Amino acid sequence: MRIRQLLIIASSVLLLSSMIWAQAGAKPAAGQSLSVAVSSASPDSLLNGGPAAWNQIAVKRVALNRTPPLYDTDEPATLEIQSVDVRTARTGGKLLVELSWRDPTRDAIALADVPDTPPETRFRKVQTEADDRFFDAAAVMFPAKTDSGAIAPSLQMGDAEHPVEIYYWNATRGAMLMQAQGRGTTRRTGQNFPVNSTYQNGQWNVIFELPDLPAGTTVAFAVWNGSQKDRDGRKYFSVWQALE
Amino acid sequence: MSKHQYAMVMDLNKCLGCQTCTIACKKLWTDRDGTGYMYWNNVETRPGLGYPRQWDRIGGGWKDGSLQPSPLPTMDDYGHAWEYNYERRLYEGKKQPVMPSPEPKSGVNWDEDVGGMNEDENYFFYLPRICNHCTHPACLEACPRKAIYKREEDGIVVIDQDRCQGYRYCIKACPYKKIYFNEVTGKSEKCIFCYPRLEKGQVNACAAQCPGRLRFVGLLDDPESPVHKLVLVHKIALPLFPEKGTQPNVFYVPPFNPPKRGNYGSSIQDGPRVPLDYLIYLFGPDVKDVITRLEAELKKTQEGGRSEALQLLIGRDAETRFHVRPQLVQIQL
C-alpha cells in the first residue's frame, strides 16, 4: 500500500510537471517535433491503401506516459504500452496521422446491429452481452485555435481560453469528433471522421484523417487499453509534439 | 441540497413478492434494446443473494468521507436476459421443446423463497428495491463527466444520457448497485423515480400497480405527505444499509410480526421469526426501536384504541398513500 501511494505521488508529480510545462505555454522542446511528409498519394490511398502506401514515410517513436490513478477507488495500472509509433503525411488538404502500438490483447467487439424499427414493435431486442468490458481506443488532440502562437493548451483537454479538438477512435464504437475546454468538459460533436484500423500480430495500426494543420501546430496522442479497464482519463498519453 | 425531496416508504409486512411492480417498471422503462437484464425495480427474497447477487457485499458508498472501491458486477451476477426458441418450435415445426437461450444460470430472482434458517425453521421476506435517490449520492460524486445530477425541485437523481460516456464509475460507487450499463447505447441508466409521471400528477408505476398497497410516495418535507409522517413523525421506517453513508430516500417498515411462537401480540423480540441480527444488518441498530414502536402501536389497537400509524400503514386508498402534485408551472413549448 505504501509503495503504491509513493508511486501515485511520484507519477502525479511527473504528470503535474508536464501539465505545468504545457500550461506555461512553452513551445515543445527539440526532439518533441514531428516531421510531416508531403505525399503525392491521395488521402484515400494513404487511409485505405495498406502499409505499402506509408513505406516511404519516416516513423517517430513517441513515449507514452500513464496517468496516475485519478480517483481513490481506482485500481493501479502498470505501464504496459511504452510508446506509440507515429507517421504523418500532408496531402490533398488533409493531414493523415498513423498511430501504431503494441497491445497483446485486442479489446474490441462487433456490436449487434440495432434495427431501425422501434423496440416496442419488435419481438426481440438487442441485448447487453457484457457490462464490464472496456475497449481499446486512441486519440489525436490539437488546439482548436491553431493561431494561438506559442501557447500549447493544457494537456488535460485544454482550458477555457484554449479549447481543443479531439479526434477519438474506439475499436468497438468507431470514430467520434470531440471538443473540450478543460478536464471533464469533453463532449461529442456528433460528427465523425475517416479512420482506418487494423489489428495484426499484437499490434494496432490506426490511421486518422484530420484537416490539414499548419506547421508549428502542437498535437498530442492518447491510447486506451481496454484490458486495463482504460476509459476517461485512465489512459496513456504523450506530451505535445510540434508539427514541422 | 435540493429544495424538496421525493421519497418512498415500503411496508415489508405487506409485500407478497408478486413482482407486479417489477413488471410495471419493466414494461414502462426497460423494454428497449440493451435493457433486457435490467430491473430498475426488483423484488428479492431476503436473506438471499439479491440482484445483482451479493450486491450488499460488493462495495461502494462512503466511509469517512471517501468513496469506497468496488468491482463492477458481471452479467453472471445480474443474470443474462434469455429468450425462448419459439420460432423453431412454432413456425419451423422443429420437434424441440421450447427452451431458454442462453442457458439460465443466474437471474434477477434466482433464489426466490429460499430464504434462510432460524435455528430449525425456514424464514424469508421480500425486499423490493429501486434507486434510493440518495441525499448524498455516491454515484453523483463518482462521475467525472458530471452526467449525474440531483434535481433541485424534487431531489430525484438522474443520469443525463447526453453527458454520460459509459465509464461506469457510478456503478462501482453505488453501494446498492442500482445503476446498469446499457452496452447497446454505451451509457449507464437507472430508476428515474417516474419523474415524467410525477410531473403529470401520476404516482410512480411501481407504486400505482402494487396490489399489496405497500408503497407510500410523497415529499419528505411536506408535513401532509404519508412519507413525512411514517419516517419523521411516527419514525417507523428506515433506510437500507444506512452505514453506506449515502442517505437513501427510500425507507422500509421492517418486518415485525408475527412472532415465531406464542400468542398473537407477543413480541417478535422474545422469539423472533426473523433473527433480529439480520434486520440490524439490513436496517441498522435503530430497527430495534422501530419494532418496539410498531409493537406498541399494535398493542394500542388490540386494546381497542386507535393507532394513527397503523391506520396510515393500512393505506386504504391512493389519496392516503400518495401525495403527488403536478408541477405548478408547466413549461409551454
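The structure under discussion appears in the preceding block.
Residues numbered from 1 in each chain as written. Chains lettered and ligands numbered in written order. Predicted model: local features only at pLDDT ≥ 70, side-chain atom pairs only at ≥ 80, totals over all residues. Heavy atoms only, no water.

(A) Seen up close, the pairing of strand 9 (residues 125-129) of chain B. Residue and element names in this part refer to chain B. Taken across its 5 residues, strand 9 has 5 buried, putting it largely inside the fold. Neither face of strand 9 is open: one carries F125, L127 and R129, the other Y126 and P128, and all of them are buried. Summarising the sheet, strand 2 (residues 42-46) and strand 9 pair through 5 bridges and their orientation is antiparallel. Residue pairing in the sheet places V43 in a bridge with P128 of strand 9. (Buried < 20%, exposed > 50% of the residue type's maximum accessible area, 1.4 Å probe, protein only. Helix = DSSP H or I, 4+ residues; strand = E, 2+ residues; numbered from the N terminus. Pairing = 2+ DSSP bridges.)

(B) Spotlight on empty space enclosed by the protein. All names here are of chain B. If you walk through the whole model with that rule in mind, you get 4 cavities of 30 Å³ or more. The space that makes up the largest cavity amounts to roughly 120 Å³. Lining the largest cavity are 15 residues, with C131, N132, C134, C139 and C174 positioned closest to its centre. Across the lining of the largest cavity, the residue classes tally to 10 nonpolar, 3 polar and 2 charged. (1 Å grid on protein atoms, 1.4 Å probe; cavity = no way out; pocket = protein on both sides within 12 Å on 5 of 7 lines; lining within 4 Å. Points joined across faces, edges and corners; volume = space filled by probe spheres on them. Nonpolar A, V, L, I, M, F, W, Y, C, P; charged D, E, K, R; others polar.)

(C) Quick look at the environment of B:F125. Residues and elements named next belong to chain B. Within the element layout of this structure, F125 appears in strand 9. Under the relative-accessibility criterion, F125 is labelled buried at 5%. Residues F125 and P102 lie 23 residues apart in sequence; the distance between their C-alpha atoms is 30 Å.

(D) How the structure looks around the packing of helix 9 (residues 276-283) of chain B against helix 10 (residues 287-302) of chain B. Residue and element names in this part refer to chain B. Interaxial distance between helix 9 and helix 10 falls to 9 Å at its minimum, and their mutual angle equals 115 degrees. The pairing of helix 9 with helix 10 is recorded here as roughly perpendicular in orientation. On helix 10, the residues that touch L276, L279, I280 and F283 of helix 9 are V287, K288 and I291. Of the residues contributing to the contact of helix 9 with helix 10, the split by class is 6 nonpolar, no polar and 1 charged. (Axes fitted to C-alpha atoms, helices over the stretch in contact; angles between N-to-C directions. Parallel < 35°, antiparallel > 145°, perpendicular 65-115°, else oblique. Contact = heavy atoms within 4.5 Å.)

(E) Highlighting the nonpolar core. Counting 91 residues, the largest nonpolar core has B:M8, B:V9, B:V217, B:L240 and B:F283 as its most contacted members. Excluding residues that lie within four positions of it along the chain, B:L240 makes contacts with B:W55, B:L127, B:R129, B:Y176, B:P248, B:V250, B:Y252, B:L282 and B:F283. By size, the runner-up hydrophobic cluster in this structure holds 31 residues, among which are A:L64, A:V140, A:F208 and A:L210. (Core = buried A, V, L, I, M, F, W, Y, C linked by side-chain atoms within 4.5 Å.)

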